[in-house]
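Structural overview
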Amino acid sequence: MRTPAQTSHALTVRSAATHSSTSAASVTSADPTAVGPTHTPATAPSRRLVLASGAAAAVLGASPLLTGTAAAGDAYPFRLGVASGDPTPDGVVLWTRIAPDPVAADGLGGLTASTRTTVEWELATDETFRTIVRRGSVTTDSSVGHSVHIELSGLRPDAWYAYRFRVGSHVSPVGRTRTAPAPTSDRPARIGVVSCAQWEHGFFTAYRHLADEAPDMVLHLGDYIYEHGPGGYPVKSGVARRMVGAEIHTLADYRRRHALYKTDADLQALHATAPWVVVFDDHEIDNDWAAEYHEVFGRTPAFLERRAAGFRAYWENMPLRRTSVPTADGIHLYRRLTWGRMATFHMLDTRQYRSDQTGWVGPVPATYDTRRTMLGSTQEAWLDEGLRSSGARWDVLGQQVMVAQYDMMAGPGFMTNQDAWDGYVAAKDRLLTSIERSGARNPLVLTGDVHESFASDLWRTTDSGRTTIASELVTTSVTSGGDSKDSAFTGDADNPHMRYHETTRGYLRLDLAADALTGTFRAVDRVSTMGGAVRTDATFRLSDGVRGLQNA
């Protein structure tokens, strides 16, 4: 998404890859797939990682991790908190990163390129760790940014667990995570949906409020970090807190920026509350990048190096599986998760495989070029097959940029955002055709990116009339854009398919049940200072088997 800093006349827009395992000599574990170190310098990400897997081995009643006070000079290593992600019916990923000095300029979190750290971990059925079901240890180093990824399997479906890590006498905060329900389960779910958190624009109060709502899972749809340096993205409500470091380009820069974000207590709280499912948008690398193309300079060796650094740091700092370890071909993020028979989540990547944008605004003749793609042919086929075979009550597409047509020019004339699906008209038509022909029972598109909230029906108009193919809910930003007031939306004559549009900060809450899916737009009254209050701005309902949004 373009920002005022990048252009003075910018508009404010109203898994198939795998990674083979290598020697597991540095890992000791009861049952994880633990991603550990290599000996490659951090400035040159390795193609090889230590990946270990083993059979499930319960250790019920095992002694808990010891707690204690570190010796003088032994800095606390868990200043970035803990996280979990990508739950399956029998497993989940546990994450932490060792960083006693999180924003050290070299991106290594206060450690050195030669530091090797043994990290113990435990998984229990209770937060007092009286009943420990798994434990193990892994040695990490600078080749993975001193991060730890533990892939667990063989767990009970539909179960909550507590987890923690230890280095020496230091014990991490306790995180809560869960497995997905069994394939035959009709278990309801509460899902948090978030995107777009610019550090300088405000405090991450929305994350704290969402944590208080006890979600089963959190979907982050992109712009987890922003690449700008201080003042690189001006905001009317002013700089709420100081940025650390200039605009980011190198692996050290990206590691440092991710670490800065994870020092935020509200972000840590939400990570520790429930497992996350993450996909990136543009700002995790650079504004409006497309495939191998920089938004201004196109395809250059410098941008490809920058992109690789961003991919590497993203994997290191997210609770992602080893199938997402970056390779020479990129990073594999599109994937599918299930929630029993209730829902299938198709998480898409709309950045890495798309055709370059035709410009900033349109339409222009190339907007309609049938050769242009948003997902790439492989991901398109993967999504089409997944929709056809899903069998879930709710098919949820988690992706980044708006699908609904949005005429940004009030009154006569027509103008659309060429970074969104409006800039890829033939690709959008293929997407809607795939949804329509798939037989998906209740399709829903979730979107981030635009720093505003929308609720729309996705229409197709032909000579025989208008058909509602699916609906789209767009979550606003956590902070990007700063403070904003309600615009008191009463309708949009230029966009009659839009049922709701607001500009406040906040998040989207989804409640999935057998008879209906309810989407609640939650708004935070301010982000420029801490402690903003949250309220419900609007609520919409999708009834099972009925196309189109209804007021709830």
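Up top is the structure these notes are about.
Residues numbered from 1 in each chain as written. Predicted model: local features only at pLDDT ≥ 70, side-chain atom pairs only at ≥ 80, totals over all residues. Heavy atoms only, no water.

Examining the packing of helix H5 (residues 377-389) against helix H6 (residues 425-438)
The geometry of H5 relative to H6 is characterised by a closest axis approach of 8 Å and an angle of 20° between their N-to-C directions. For the element pair H5 / H6, the angle class is roughly parallel. Read as a crossing pair, H5 and H6 show a hand that is right-handed. Contacts between H5 and H6 involve Glu380, Leu383, Asp384, Leu387 and Arg388 from the former and Arg430, Leu431, Ser434, Ile435, Arg437 and Ser438 from the latter. (Axes fitted to C-alpha atoms, helices over the stretch in contact; angles between N-to-C directions. Helix = DSSP H or I, 4+ residues; strand = E, 2+ residues; numbered from the N terminus. Parallel < 35°, antiparallel > 145°, perpendicular 65-115°, else oblique. Left-handed = near helix turned anticlockwise from the far one by under 90°. Contact = heavy atoms within 4.5 Å.)

Concerning unusual backbone geometry
Residue glycine 362 is joined to proline 363 through a cis peptide bond whose omega torsion reads 10°. Tracing the chain through its elements places proline 363 in the loop between strand S17 (361-362) and H5. Non-glycine residue histidine 146 carries a positive phi angle of around 60°. By secondary structure assignment, the location of histidine 146 is in the loop between strand S7 (132-141) and strand S8 (147-152). The phi angle at histidine 451 is positive, at roughly 65°, despite the residue not being glycine. Looking at the element boundaries, histidine 451 is found in the loop between strand S20 (443-447) and strand S21 (453-462).

Topic: H6
Helix length check: H6 (14 residues) gives 20 Å between terminal C-alpha atoms against 20 Å at 1.5 Å per residue, within 8%. Of the residues making up H6, those classed as buried are Ala426, Ala427, Lys428, Leu431, Leu432, Thr433, Ser434, Ile435 and Ser438. Tucked inside the fold, the buried residues of H6 contact H5, strand S18 (394-398), S20, S21 and strand S22 (465-474). With its phi angle positive at about 80°, glycine 439 sits one or two positions after the end of H6. (Expected span 1.5 Å × (residues − 1). Buried < 20%, exposed > 50% of the residue type's maximum accessible area, 1.4 Å probe, protein only.)

What to know about the pattern of salt bridges
Going through the model one piece at a time under the given rule, you end up with 37 salt bridges. Of the charged contacts, one joins aspartate 158 and arginine 178 as a salt bridge, the two residues approaching to 2.2 Å between their closest N and O atoms. Separated by 20 residues along the polypeptide, aspartate 158 in the loop between S8 and strand S9 (160-167) and arginine 178 in strand S11 (residues 175-178) bring together distant segments of the chain. Accessibility expressed as a relative area gives 26% for aspartate 158, which makes it partly exposed. With a shortest N-O distance of 3.3 Å, aspartate 537 and arginine 535 are connected by a salt bridge. (Salt bridge = Lys/Arg side-chain N within 4 Å of Asp/Glu carboxyl O.)

With respect to H5
Helix length check: H5, at 13 residues, gives a terminal C-alpha distance of 18 Å against a target of 18 Å (1.5 Å per residue), a fit within 8%. Inspection of H5 places Gln379, Trp382, Leu383, Gly386 and Leu387 among the buried residues, and these make up the whole buried set. Taken around the axis of H5, the buried residues stretch over an arc of 130°, which confines them to a single face. Summarising the geometry of H5, the exposed residues directed more than 90 degrees from the buried face are Ser377 and Thr378. Buried positions along H5 lie against strand S15 (335-339), strand S16 (343-347), S18 and H6. (Arc of directions from axis to C-beta.)

Concerning the pairing of S22
The sheet contact formed by S20 and S22 spans four bridges and is parallel. Within S22, the position partnered with leucine 444 by the bridge is serine 471. As paired elements, S21 and S22 share nine bridges and run antiparallel to each other. Along S22, the bridge assignment pairs aspartate 457 with serine 471. As consecutive antiparallel partners, S21 and S22 are separated by two residues. (Pairing = 2+ DSSP bridges.)

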